[in-house]
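Chains, contacts and geometry: an overview
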Amino acid sequence: MSSNNPLDLYRKMHDEAQARIKSKEDKPQVLIGTATCGVAAGALQVRDDFVREIEEKGLDAEVVEVGCIGHCYAEPLAIIAKPGFPPVCYGYLDEGLVHRLVEDFLGGDDPSYEYALAALERNDVFPTFEDFPRGIYEEKLILENCGFIDARDIDSYISREGYSALATALTQEPQAVLEEVKAANLRGRGGAGFPAGLKWEAAIKSGGNEKYVICNADEGDPGAFMDRSILESDPHLVIEGMILCAYAIGSQMGYLYIRAEYPRAVRHVQDAIDQARERGLLGSSILGTEFDFDLEIFQGSGAFVCGEATALISSMEGRMGMPQSRPPRLASRGFRGMPTVLNNVKTFAYVPLIIHHGAEWFKSIGTEESPGTAVFSLVGKVANTGLVEVPMGTSLRQLIYDVGGGLPGNRDFKAVQIGGPSGGCLPESALDVPIDFDSLHQAGAIMGSGGLVVMDQDDCMVAVSRYFLEFTQHESCGKCTFCRIGTKHMLDTLVDITQGKGDTETLGLLEELAEDVRDGSLCNLGRTAPNPILTTLRYFKDEYKAHIEEGRCPALVCRDLILYYIEPPKCSKLCNVCVGSCPTEAIFTREDGLKEIDQEKCVKCDNCRKACPTEYNAVVKLSPPVLPPQKEKAVK
Amino acid sequence: MSEYVNITIDDRQIKVRAGEKLLWAALDNDIYIPHLCAIREKERPNAGCRLCFVEIEGDTRPATSCTRTVEDGMVVRTRTPRVDRLVKTAFELILSDHNLKCRECPANRNCALQTIAKKRGIKLRQGRFKTIVREFELDESPDDFAFDRSRCVLCGQCVWADREVAKTGAIGFANRGLNRVVTTFRDRPLAESNCAKCTFYADVCPVGAFYYKKAAE
Amino acid sequence: MQLLEGEKELILACVDEVLSNNSKNRENLIPILQKVQVRLGYLPPLAMEKIAEGIKVPPADVYGLATFYNQFRLNPPGKHQVKVCLGTACYMAGGDITLESFERRMKIKESETSPDRLYSLERVACVGCCTMAPVVVVDEEVEGKVTPTRVDGIMLALNEENDKSNLEQEPEQGRMDSDELK
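If you're wondering where the values come from, they're calculated on a predicted model, not measured in any experiment.

Description of the state of the cysteines
Between two cysteines, a covalent bond joining their sulfur atoms is known as a disulfide. Residue and element names in this part refer to chain B. Across all of its chains, the model carries 0 disulfides over all chains by this definition. With no disulfide partner, cysteine 66 has as its closest neighbouring cysteine sulfur the one in cysteine 52, 3.8 Å distant. Since its relative accessible area comes to 6%, cysteine 66 is described here as buried.

Quick notes on the interface of chain A and chain C
How big an interface is tends to be stated in terms of the accessible area lost upon association of its parts. If you look at the interface, chain A gives 55 residues, while chain C gives 37 residues. Buried surface at the junction of chain A and chain C, summed over both partners, amounts to about 3700 Å²; 58% is from carbon and sulfur atoms. The salt bridge partner of Arg559(A) is Asp96(C), with a shortest N-O separation of 3.8 Å. Linking chain A with chain C are 13 residue pairs in polar contact (both at pLDDT 80 or more).

Regarding the pattern of salt bridges
Oppositely charged side chains can form a pair if their charged atoms are brought close together. Inspection of every chain in the model, using the stated rule, returns 79 salt bridges over all chains. A salt bridge links Asp153(A) to Lys24(A); the shortest N-O distance between them is 3.7 Å. Pair noted here: Asp153(A) is in the loop between helix 5 (133-137) and helix 6 (154-158) and Lys24(A) is in helix 1 (residues 6-24), with a separation of 129 residues, a long-range link. Its relative accessible area of 10% is what places Asp153(A) among the buried residues. A salt bridge links Arg85(B) to Asp516(A); the nearest nitrogen and oxygen atoms lie 2.7 Å apart. Pair noted here: Arg85(B) is in helix 2 (residues 81-96) and Asp516(A) is in helix 20 (residues 504-520), and the two residues belong to different chains. On the accessibility criterion, Arg85(B) (34% relative accessible area) is partly exposed. What you see here is one network of salt bridges that share partners, running through Asp49(A), Arg52(A), Glu53(A), Glu56(A), Lys57(A), Glu95(A) and Glu103(A).

A word on the domain arrangement of chain A
Along its sequence, chain A is organised into domain 1 (21-128), domain 2 (162-362), domain 3 (373-456), domain 4 (461-550) and domain 5 (562-633). For domain 3 of chain A and domain 5 of chain A, the distance between their C-alpha centres works out to 37 Å.

Notes on the sheet that holds strand 12 (residues 413-418) of chain A
Residue and element names in this part refer to chain A. If you walk across this open sheet you meet the 5 strands as 11-10-14-12-13, and the pairing is mixed. Sheet topology places strand 11 (386-391) and strand 13 (424-427) at the edges, where each strand pairs with a single neighbour. Here the average twist between neighbouring strands, direction ignored, is 30°. In this structure, strand 12 lies alongside strand 14 (residues 451-456), joined through 5 bridges in antiparallel fashion. The residue of strand 14 that forms the bridge with phenylalanine 413 is aspartate 456. The sheet contacts of helix 10 (residues 226-233) involve strand 10 (373-380), strand 11 and strand 14, and relative to strand 10 the element is tilted by about 110°. Across the sheet, helix 18 (residues 461-475) is in contact with strand 12, strand 13 and strand 14; its angle to strand 12 comes to roughly 15°.

Digging into helix 22 (residues 531-539) of chain A
Counting along an α-helix, one turn takes 3.6 residues, and residues three or four places apart therefore face a common direction. All names here are of chain A. Counted residue by residue, helix 22 has 7 buried out of 9 residues, so it is predominantly covered. When we look at burial in helix 22, the residues that qualify are Asn531, Pro532, Ile533, Leu534, Thr535, Thr536 and Leu537. Of the surrounding elements, those touching the buried residues of helix 22 are strand 13, helix 18, helix 19 (481-498), helix 20, helix 21 (524-528) and helix 23 (541-550).

Details of the packing of aromatic side chains
Evaluation of the coordinates by the stated rule reveals 21 aromatic pairs over all chains. Here the aromatic rings of Tyr257(A) and Phe298(A) are separated by 5.4 Å at their centres, their planes lie at 20°, and the arrangement is stacked. Placement of the pair is Tyr257(A) in strand 7 (residues 253-259) and Phe298(A) in strand 8 (residues 294-300), with a sequence separation of 41 residues. This pair shows no difference in class: Tyr257(A) is buried, exactly as Phe298(A) is. Ring centres 6.0 Å apart and planes at 75° place the aromatic pair Phe185(B) and Tyr63(C) in the edge-to-face group. Taken together, the residues Phe185(B) in the loop between strand 8 (181-184) and helix 5 (200-204) and Tyr63(C) in helix 4 (residues 59-68) connect one chain to another. We classify Phe185(B) as buried; its relative accessible area is 7%.

Remarks on the interface of chain C and chain B
At the interface, 13 residues of chain C touch 15 residues of chain B. Between chain C and chain B, the buried area comes to about 1100 Å², and carbon and sulfur atoms account for 57% of it. When the buried surface of chain C facing chain B is broken down by residue, Ala60(C), Tyr63(C) and Phe68(C) rank first, second and third, together holding 44% of it. At the junction of chain C with chain B, the criterion picks out 2 salt bridges. As a salt-bridge pair, Asp61(C) and Arg163(B) come within 2.7 Å of each other at their nearest N and O atoms. Run the count over chain C and chain B and you get 5 residue pairs in polar contact (both at pLDDT 80 or more). For the side of chain C that touches chain B, the elements supplying multiple residues, two or more each, are helix 3 (45-55) and helix 4 of chain C. It is helix 4 of chain C that contributes the most residues to the side of chain C that touches chain B, 7 residues altogether. Residues belonging to the side of chain C that touches chain B are distributed by class as follows: 8 nonpolar, 3 polar and 2 charged.

What counts and what doesn't
Position numbers for residues start from 1 in each chain and track the written sequence from start to end. Both sets of labels track the order of writing: A upward for chains, 1 upward for ligands. pLDDT decides what is reported in this predicted model: residues at 70 or higher carry local features, side-chain atom pairs at 80 or more are listed and counted, and totals for whole chains, interfaces and linings draw on all residues regardless. Water and hydrogen atoms play no part in the side-chain values, which are based on all heavy atoms of the structure. By definition, disulfides here are pairs of cysteine sulfur atoms that lie within 2.5 Å. To sort residues, take the accessible area from a 1.4 Å probe on protein chains only and compare it with the maximum for the residue type: under 20% means buried, over 50% means exposed, and anything in between is partly exposed. The contact rule is simple, with two residues in contact once any of their heavy atoms fall within 4.5 Å. Summed over both partners, the accessible surface that disappears when two parts come together, traced with a 1.4 Å probe, is what is meant by buried area. In the sections that follow, a salt bridge refers to a side-chain nitrogen of Lys or Arg positioned within 4 Å of a carboxyl oxygen of Asp or Glu. Identification of polar contacts relies on pairs of N or O atoms within 3.5 Å, with a donor-acceptor requirement for protein atoms, meaning one able to donate a hydrogen and the other able to accept it, and with residues adjacent in sequence counted only if both atoms are side-chain atoms. Each helix is a run of DSSP H or I of at least 4 residues and each strand a run of E of at least 2, with the numbering of both proceeding from the N terminus. Residue ranges for the domains trace back to a domain assignment, done automatically or taken from a database. At least two DSSP bridges between two strands are needed for those strands to be called paired. Comment: axis = line fitted to C-alpha atoms, over the contacting stretch for helices; angle = value between 0 and 180 degrees taken between N-to-C directions. Working definition: rings of Phe, Tyr and Trp (its six-membered ring) pair if their centres are within 6.5 Å, and the pair is stacked with planes under 30 degrees apart, edge-to-face with planes over 60 apart, and tilted otherwise. Residues are grouped as follows: nonpolar covers Ala, Val, Leu, Ile, Met, Phe, Trp, Tyr, Cys and Pro; charged covers Asp, Glu, Lys and Arg; every other residue, Gly included, is treated as polar.

So this is what it looks like as structure tokens:
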């Protein structure tokens, strides 16, 4: 009996997918995280090692590539699922460990728990991720599948109820989808937190038959990789979200604007689109209904400013990615001059979950004003770097110390940078700020797209500001005066300060200009470009003053204000490591056998300090760059 | 919808066409607002020079008048401390990237920058920002006119004339950020482009970047 | 840069093929430029002019786009491309020191190609592997935790590869020379 009810069609598709996936689970499976971060750590080699070892031992086990499970600090990672055992996750894999796991666990019955990070299902033998502090605070909604499903096999997604939200929605009026998203108060995860439902509603009200849905995956913030991970690890979730949006607003065509720097994400999404089309989930008559919608990828060509909505549209229209003044808003005049909904990858990813579980469920997570979760790429001086998802309202302290495991090696926390070049640096005193759109904004930072970099006493706040200004100045499109020329002068001033130049007026002028660029720029890239300066001036002014007034960089970072020095009492005359490590032959052996650095030749590359054996630690950095008096006695 | 609306600019009540942008409404009524990049015929304002700020009652911050459509009952001020501060900074930023040898410039005494300085009482030789003018090769290849990039303020008037009036497509913008320039395909001399004879650029350039060779003599 | 006769034909054939496989409207301009660059490694002037002609936009606009976006290259890349990531995490972990080490070893600056066209060096904003900082992309391979010492190792491996491919070519070269002598 054939039925045109989308739910019936879906059920059949789901049952077949589940049967196929379950049949695979009868034999042992090795799931390897081969997202870009895993590949960088050597995951492809690990995959080949598993395949070879399994083959050599004549075992019946399958090796599957999955996405990112978020515990990037322990890459390369794999999960071994063997019937009769809880699935176990192993990290820091290498050839030796692979050999052992294949022999003892796949071949024998010893899961080698001493090498395991955690189990993935509750059991009596070994703790799960939920038993660690990170697991207590983490709540995975849009990352739930990441790292557990085969991104390139649509059945993997369907067997976990994927596309069921779409099937349900198709039995209702489009209005119902809109109402649910509005009721959930889903706020855009691209940065500003504008309610997605209101955006969609505006596009509907603009009327007309031609409307577009665009997913902004031009993740350009240096230090952020959430969108890449989601697209690589669970592309169908985003695609389903886009289809639901298209159904709600009445669109027939959508685009995913993905950075060309993310080739793996592009491939995975393209595969997912092709498979969805084959199953009748994209294209004409979706799930047997009269609803038509298709998707295409547009590859961004490397311009940070294209993350800005109007610039993104300009670049899709074959022009320079330059922002336009608004209004008109995209919802009334966007791509091809037609009503357009543009949302971030993560925003679309929440939609199927909201339709599936309902708005009330979504609102029960997070805070009242910012429901749901926040996804961060946690990097910098933190023990457990990786991709994390926590409910809105979690404090920065919990995120850094409990989820991230704190700073490695008992180092002192100095600041946390949130929101990339548009965000700000927050100090220790702001660590109890809850993570939500409005609280972070008040503290001077922004949620941004979710990059979070932890910094310690060895990071210089002036240098960090300079770094971000270098970035925004380089990425400024050049259209408006404040951003084009203003960022250049701000950068020049910061460079001066890192070189110890400047006087008491410098900081006042810098702050004045930063405020004007914030208030006067055309688009959000320019308006937020001064944030790194404004927040560091607000919280770390003393560091700026030390540079200007004392010619000293307290963190020993700014290279014009430091020198490298070998402390004679600590130097072992018998060791030559530093001499060999120096790329410019600046280190020589004195007549008395001690090593010394020729300051003329030294390029301050830090090689010798890293090379000096820890039992001596004789190489030190001094700031201000003045040698201690005993230097005079040295004979070359 | 009524064809005209009433607005108040600097305590003066004026009647202007509905749908008009505030900048043009003011200029038509002899109320001065500084501007460089605004082109009346252009459907979507460029909004790049950031000189035409005004304060509108009810708004939280100054707005560019070239992008704001007039609304009935709008109350506008062209001079407030916040407006003056933004305009002064934007203007001084532009000056820091402009070759200020006015005496050698064919546009001397007929220059949009001099007009703004005079009307708003801002010194041309500003002291806040270091000059960042770069050296460019002077393009004197066409018979009648020349192009000195060190004077260009990127207002886009010449590119608009090239596309919409001359309809040649010989020049356009290239590069990004501070390196943004008006140029030809691969920075070739103007004489090698298909626009060597047209003098529209010199007619519309407000600052003497494009100029008639005769005027420079 | 002067094009050889063979190169010119190659460029024209490539542009023709890409243009015939894509509808010729402005919306396709960036995808077309991307496809041509994938094949040729860069955007030769001739290709830009032909594309402009095909899509009916002023060549100045094609040039504008090619110079606006980071992705597009106007000069042929080196045989080996090294991209040093200077995203936040990489910068904090000393990415600038890594970049300098490459500059010293290759004797070129960032965004340059060595005179023998063996190497080109670029800085990139973020390749999204922040947990492996500092990261370098050598040709297509992502390398994590690249210290100045590792830079020397990477250069050594690249040099060895170059020497090897030179050795393989040399006998052929020698034969050609002797043929000419006759």
